[in-house]
Amino acid sequence: MPQQFDFPKSQVPALKLSPRTIYIVIAAFFALWLLDGIYTVAPDEQAVVLRFGKLHSVSDPGLHYHLPKPIETVIIQSTAKLYREEIGFRTTDPGPPARYVQRPHESQMLTGDENIINVEMVVQYQVTSITEALFSAKDLGAFEGRGEEGLVHDACEAALRQVVGRHAIDEVLTEGKLLIQTEIKEKLQELFSKYECGITVLDVQLQTVGPPKQVDAAFKDVASAKEDRERKVNEARGYQNDIIPRTRGEAQKTMKAAEAYKIERVRRAQGDADRFRSVLSEYKKAPDVTETRLYIETMEVILPKIQKYVIKGDPNGSLINIINLEKLGLGGSGTSGEGK
Amino acid sequence: MRPAVTFLVALIVVLFGANLVLFTVNEIEQAVVTQFGEPIDEITEPGLYFKLPDPIQKVTFFDKRLLDYDASPAQVYTKDKKILVLDNYARWRIVEPLKFMKSLRTVAQALRRLDDIVFSELRKELGQHELHEVIATNRADLMRLVTERSDEVARAYGIEVLDVRVKRADLPPENEAAVFDRMKAERNREAKAYRSEGDEQALTIRADTDLAATTISAAAYEVAERTRGEGDAEALRIYAAAYTGAADFFQFTRTLEAYEKSLDEKTVLVQPLDTDFFKYLQGK
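Here's what I pulled together on the structure shown here. (Residues numbered from 1 in each chain as written. Chains lettered and ligands numbered in written order. Predicted model: local features only at pLDDT ≥ 70, side-chain atom pairs only at ≥ 80, totals over all residues. Heavy atoms only, no water.)

Some words on the packing of helix α8 (residues 213-285) of chain A against helix α9 (residues 287-302) of chain A
Residues and elements named next belong to chain A.
Inference 1: Here α8 crosses α9 at 125°, and the two axes come no closer than 6 Å. By the criterion of interaxial angle, the relationship of α8 to α9 is oblique. Along the contact surface, α8 presents Tyr 283, Lys 284 and Lys 285, while α9 presents Pro 287, Thr 290 and Glu 291.
Inference 2: Residue composition of the contact of α8 with α9, grouped by class: 2 nonpolar, 1 polar and 3 charged. (Axes fitted to C-alpha atoms, helices over the stretch in contact; angles between N-to-C directions. Helix = DSSP H or I, 4+ residues; strand = E, 2+ residues; numbered from the N terminus. Parallel < 35°, antiparallel > 145°, perpendicular 65-115°, else oblique. Contact = heavy atoms within 4.5 Å. Nonpolar A, V, L, I, M, F, W, Y, C, P; charged D, E, K, R; others polar.)

In structure tokens:
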């Protein structure tokens, strides 16, 4: 109590350090020291109790007691928590909208056929053995509150590259993706088991998988070439769908027209023949008269329409006569009679 | 008052004394006891231990857990003279702290030594394999070999090398450009193939179409002409049947009919008067 020197006039008597008081104080400190050993474990946590540094027990959620320091110490850790490891990118803001930063050095890798590809991956894992996680490996990563680097991250990168390295680029880009995810998961679990670090891999997911930007255009061109192929085929099918039915229609038209022609020819012939027979049967009754009548009737029809020059005498006499007459007729001063 | 003070003093002395001669080794630790600087004993199990007070015996603690060794990326030549930029890591632990303490003393020193061991083993091993083996086929075996050999060497320092692993194996930038060119060429080839296939299929379909159309037209023509011929033949038969036996009359009526059809106003007819039709114009 150094304050006594600062307040000499104080009427408060000095603390009476009776043995009783001292024992009480010691007992109080001792009690406080003992009470320090009370601890609670939350439902998603596990606690490890160390006695003189050696693993003594693991306690489940609930209220517990351990012998006070330095005899026993307790380490409480979350076990239900899911951890997430990102390869090739980092989420800078979980959003929404989420924001990411690329890590090209992590995502770019060689494939089995010596092509270069970008792969981004997310691994989810859980700490299933707290004692292993705490005691068997240093620099685990997120479990120890460390962010980026650490054993988990290294192992993820190694497993990803090793598995992608076994596959050709087209497999990684397309149909092999699921298989690759499974292989990575197995590989990763194998590594974690080897390191005895108490981690269980829950899920491996390949995120963006694509060609590097230097060759991106060429890959896109392949996709558009595929579409070009489809387009060309579709256009040809369109042509086919246009031409074939129309041709069939025209064929029908041609055949029907021929059919019509046939019918016309036959029926007309039949008609002509019947008419002829009828006329003939009448004609036979009076051939001369009928012939004359038919002749005159026809002339009656024909002659009014045509230009006629009637010559007296022998028509075979001179050709020149005929031509002259014709010219005269065309000159407009006809000497001969004309029709109408 | 006296017994109380005595008790306090005794307590303090006991605790102080205990602190001098007792020490705990944690689950994640192991320890080496040195006497006047000379390592004399190693403790690998956790617990409470006794030693002589400080100036005589001292305790040095080492991590017992798996430790990280992450090398900086380095270039390695493969058997086919290609350069690979390797970024590898190793997981190792101190298994014999006494030996470790005698040879390397600190973890920093150990990392430098591991750098030598692991990198030289890697370089030796990769130099015997071609690039595609390193990348694709053999990586697991290679790494197991490197791990085993590194481990053998490192045991002399009380170190176990559990796992050497290639984190990244990339081509140097100048080789990357060549790879990109090759990739582009491959894709261009593929794109061309798709386009040509498109042409092939389209042309085939069009040719098939034209063939089918021509076939249909020709078949229609065949049928049509045959039909016409049948019509013509039938008509001929009908006419022939009707006119047989009346050739003169047919000629007469048909000629008259033809006159009617063929003579029009452009026709100039020069006729002598002594035809049948005009004979009455001459008078008798």
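Comments concerning the interface of chain B and chain A
The extent of an interface is frequently quoted as the accessible surface area lost upon association of the parts.
Inference 1: Taken together, the 104 residues of chain B in the interface contact 109 residues of chain A.
Inference 2: On the chain B side of the contact with chain A, Arg 187, Arg 195 and Phe 249 of chain B bury the most area, a combined 7% of that side's loss.
Inference 3: One salt bridge in this structure joins Asp 154 of chain A and Lys 167 of chain B, with 3.2 Å as the shortest N-O distance.
Inference 4: On inspection of chain B and its partner chain A, the count reaches 27 residue pairs in polar contact (both at pLDDT 80 or more).
Inference 5: Residue contributions to the side of chain B that touches chain A peak at 41 residues, all from helix α6 (residues 173-243) of chain B.
Inference 6: Taken together, the residues that form the side of chain B that touches chain A break down as 54 nonpolar, 14 polar and 36 charged.
Inference 7: Pairing of strand β12 (residues 307-311) of chain A with strand β10 (residues 268-272) of chain B involves 5 bridges; the strand directions are parallel. From the neighbouring strand, Tyr 309 of chain A faces β10 of chain B, where its bridge partner is Val 270 of chain B. (Buried area = accessible area lost by both parts, 1.4 Å probe. Salt bridge = Lys/Arg side-chain N within 4 Å of Asp/Glu carboxyl O. Polar contact = N/O pair within 3.5 Å; in protein donor to acceptor, adjacent residues only side chain to side chain. Pairing = 2+ DSSP bridges.)

Notes on helix α3 (residues 107-126) of chain B
Inference 1: With 20 residues, α3 of chain B extends 27 Å from end C-alpha to end C-alpha; this agrees with the ideal 28 Å at 1.5 Å per step.
Inference 2: If you check which residues of α3 of chain B are buried, you get Ala 110, Leu 114, Ile 117, Val 118, Glu 121, Leu 122, Glu 125 and Leu 126 of chain B. (Expected span 1.5 Å × (residues − 1). Buried < 20%, exposed > 50% of the residue type's maximum accessible area, 1.4 Å probe, protein only.)

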